[in-house]
Amino acid sequence: MDLTYTEEEEDFRARLRAWLGKVLPELPAKPSPDDWPGRRAYDLGWQRRLYEAGYAGLHWPVDAGGRGATPTQHLIFLEETERAGAPYVGANFVGLLHAGPTIAAEGSAGQRARWLPPVLRGDEVWCQGFSEPDAGSDLASLRTRAVRDGDDYVVTGSKIWTSHAEVADWCELLVRTDPQAPKHRGISWLAMPMDAPGVTVRPLRTLAGSTEFAEMFLDEVRIPVANRVGAENDGWRVTMVTLSFERGTAFVGEVVACRRTLGELARTAKANGRWDDPVLRRRLGRLYGEFGALWRLTQWNVSESEGSGGVPGIGGSVFKLAYSHARQELYEVAAEVLGAGSLSLEEEWTLDRLSSLSYTIAAGTSQIQRNIVAERILGLPKGR
């Protein structure tokens, strides 16, 4: 992996930096965290600007509507947008980082033509319908049933922690199409329109007071068979592609943000007198090293995904495991540096700290990641 930048890459960085300097001051005010229609409009508006400037789907394959940029250009894009304080993907998270890349890798030509352009243009939002109330981290135990009826599947069941369901147009949905097959082999991956009859969404309020997750109830929802990505009962393999994106490259921008946050904490500690504490300085120094290593691991994972046709490898589990715990410690240190002022729910620091608590659960619990690392990377025997 070559970590140096070519003249062409530095030119790309300069042009991107100039564009960000021009467009960011023109953005409207960011809406309230609990104004989901406003947040959807804001996030889609930013995506539209990226699309019109040629930066949408920068690293996606050209035949999927992207620019086919190199991994290094992708990383430069993430570095510069985070450093400039540009909006994050927000409500576009599932479409841009999960469903979209999965459809690009596994979908038919017709499916790519139907679903990918609206994601890149900022026209449609996706949500994720994977987890279920009785399955927990054991995703293969899902019970939502899909029964074939002519050209449709009739789907009945429920999902939980459905990201951005209340503002989504489509859902990447896992269903059981063969209840008699071993649990990993009877699953299919469907694209479900959220306005289909029989879909009920109930928002869930998080510890931070936000409602980006929801319960979703499906009562004989008819989904065209044409909306299945991959073969029937091959959904587990397709899902592993989705999860490899979620664990391998979806958090890339957040690593840059955490490194920026760490620098802000160091400056705040120097300003409020906490820098004199040697224990605090050591913790900040260790986190600086950890996030530096995570950035190098990110570069490795992105480079590896380029070599494998755009799909990240199992090294994403190493990254996700380490990043989850490093992020939690970062915001523990933030509370120590900021003191009582970090306890107000009006403070962005507090919301970020509460959000960090979910990272050892979201996208596969740390226990699941340790199993993957042990069995698939280290070659250890499976536990009983």
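Residues numbered from 1 in each chain as written. Predicted model: local features only at pLDDT ≥ 70, side-chain atom pairs only at ≥ 80, totals over all residues. Heavy atoms only, no water.

> Please explain the overall build of the protein chain as it appears in this structure.
In terms of regular secondary structure, the protein chain is built from eleven helices and eight strands. Classification of the 384 residues of the protein chain by burial places 49% in the buried group. Taking contacts inside the protein chain between residues at least 6 apart in sequence as the whole, the part at least 24 apart equals 72%. Put simply, the protein chain shows about 17900 Å² of open surface, and 52% of that area lies on carbon and sulfur atoms. (Helix = DSSP H or I, 4+ residues; strand = E, 2+ residues; numbered from the N terminus. Buried < 20%, exposed > 50% of the residue type's maximum accessible area, 1.4 Å probe, protein only. Contact = heavy atoms within 4.5 Å. Areas by Shrake-Rupley, 256 points an atom, 1.4 Å probe, with all protein chains shown as cover.)

> Looking at this structure, how should I read the pairing of strand 3 (residues 152-159)?
In regular strands, side chains alternate between the two faces of the sheet. Pairing of strand 2 (residues 145-149) with strand 3, which is carried by five bridges, proceeds in the antiparallel orientation. Paired with R148 across the two strands is Y153, which belongs to strand 3. Hairpin connection of strand 2 to strand 3: two residues between the antiparallel strands, including G150 at a positive phi of 65 degrees. Both strand 3 and strand 7 (residues 213-224) contribute to a ladder of seven bridges, which runs antiparallel. Bridged to S158 within strand 7 is F217. (Pairing = 2+ DSSP bridges.)

> What exactly am I supposed to notice about unusual backbone geometry here?
Note: most residues except glycine have negative phi, and most peptide bonds are trans. Its identity is not glycine, yet W161 carries a phi of approximately 60 degrees, on the positive side. Positionally, W161 belongs in the loop between strand 3 and strand 4 (170-176). Non-glycine residue N233 carries a positive phi angle of around 70 degrees. By the secondary structure assignment, N233 is in the loop between strand 8 (228-229) and helix 6 (235-248). In this structure N233 comes out as partly exposed when scored by relative accessible area, which is 23%.

> Explain the nonpolar core here, please?
Nonpolar side chains in soluble globular proteins generally cluster together in the buried interior. Ranked by size, the top nonpolar core spans 43 residues in total, and within it W19, W46, Y55, F77, W126 and W189 carry the most contacts. Sequence-distant contacts of Y55, defined by excluding residues within four places in its chain, comprise F12, R15, L16, W19, L50, R67 and F77. By size, the runner-up hydrophobic cluster in this structure holds 25 residues, among which are Y153, L190, V199 and M216. (Core = buried A, V, L, I, M, F, W, Y, C linked by side-chain atoms within 4.5 Å.)

> I would appreciate a short explanation of the environment of L280 in the present structure.
With respect to the element layout, L280 can be found in helix 8 (residues 278-307). Considering only alpha carbons, one finds L280 and E336, 56 residues apart in sequence, at a separation of 8.5 Å. In this view, L280 contacts A269, R274, V333, E336 and V337; residues no more than four positions away in its chain are not counted.

> Would you mind going over helix 5 (residues 109-121) with me for this structure?
For the α-helix, the turn length of 3.6 residues means that residues three or four positions removed from each other point alike. Taking 1.5 Å per residue as the helical rise, helix 5 with its 13 residues ought to reach 18 Å, and the 18 Å between its terminal C-alpha atoms agrees with that figure. At W115, helix 5 shows its maximal bend, which comes to roughly 25 degrees, and the proline P117 appears one to four places after that position. Close packing links the buried residues of helix 5 with helix 2 (36-53), helix 4 (93-106), strand 1 (126-129), strand 4, strand 5 (187-193) and strand 8. A positive backbone phi angle near 80 degrees is found at G122, which sits one or two residues after helix 5. (Expected span 1.5 Å × (residues − 1). Bend = angle between axes of the 7 residues up to and from the residue.)

> Quick question: what am I supposed to make of the environment of A135 here?
Relative to the helices and strands, A135 resides in the loop between strand 1 and strand 2. Taking relative accessible area as the criterion, A135 reaches 11% and is therefore assigned buried. Measuring from C-alpha to C-alpha, the distance between A135 and K159 comes to 9.7 Å, with 24 residues separating the pair along the chain. In this structure A135 touches S141 and L142, once residues within four positions along its chain are discounted.

> Can you help me understand the pairing of strand 5 in this one?
Counting buried residues in strand 5 gives seven out of seven residues, a clear majority hidden from the surface. Neither face of strand 5 is left uncovered, since the one carrying I187, W189, A191 and P193 and the one carrying S188, L190 and M192 both have all their residues buried. Sheet analysis places strand 5 next to strand 8, joined by two bridges and oriented antiparallel. The residue of strand 8 that forms the bridge with L190 is R228.

> Looking at this structure, I do not really get the packing of aromatic side chains. What am I missing?
One pair of aromatic rings is described through two measures. These are the centre distance and the angle between the planes. The tally for this structure, following the rule as stated, stands at nine aromatic pairs. The interplanar angle of 35 degrees and the centroid separation of 5.8 Å between the aromatic rings of W19 and W46 together place this pair among those described as tilted. A residue pair is termed long-range when its members are at least 10 positions apart, and W19 in helix 1 (residues 7-23) and W46 in helix 2 qualify at 27 residues. Residue classification places W46 among the buried residues on the basis of a relative accessible area of 5%. Aromatic side chains W19 and Y55 sit 5.2 Å apart centroid to centroid with 50 degrees between the ring planes, which places their arrangement in the tilted category. Of the two residues, W19 is situated in helix 1 and Y55 in the loop between helix 2 and helix 3 (71-83); the sequence distance between them amounts to 36 residues. The class for Y55 is buried, based on a relative accessible area of 7%. Through successive ring pairs, a cluster of aromatic residues spans F12, W19, W46, Y55 and F77. Here R39 stacks its cationic end above the ring of W36, 4.0 Å away from the centre of that ring. Note that K270 overlies the ring of W275, its terminal NZ or CZ placed 4.9 Å from the centroid. (Phe/Tyr/Trp six-rings, centres within 6.5 Å; stacked < 30°, edge-to-face > 60°. Lys NZ or Arg CZ within 6 Å of the ring centre and 35° of its normal.)

In short, shape yes, function no, at least from these values alone.
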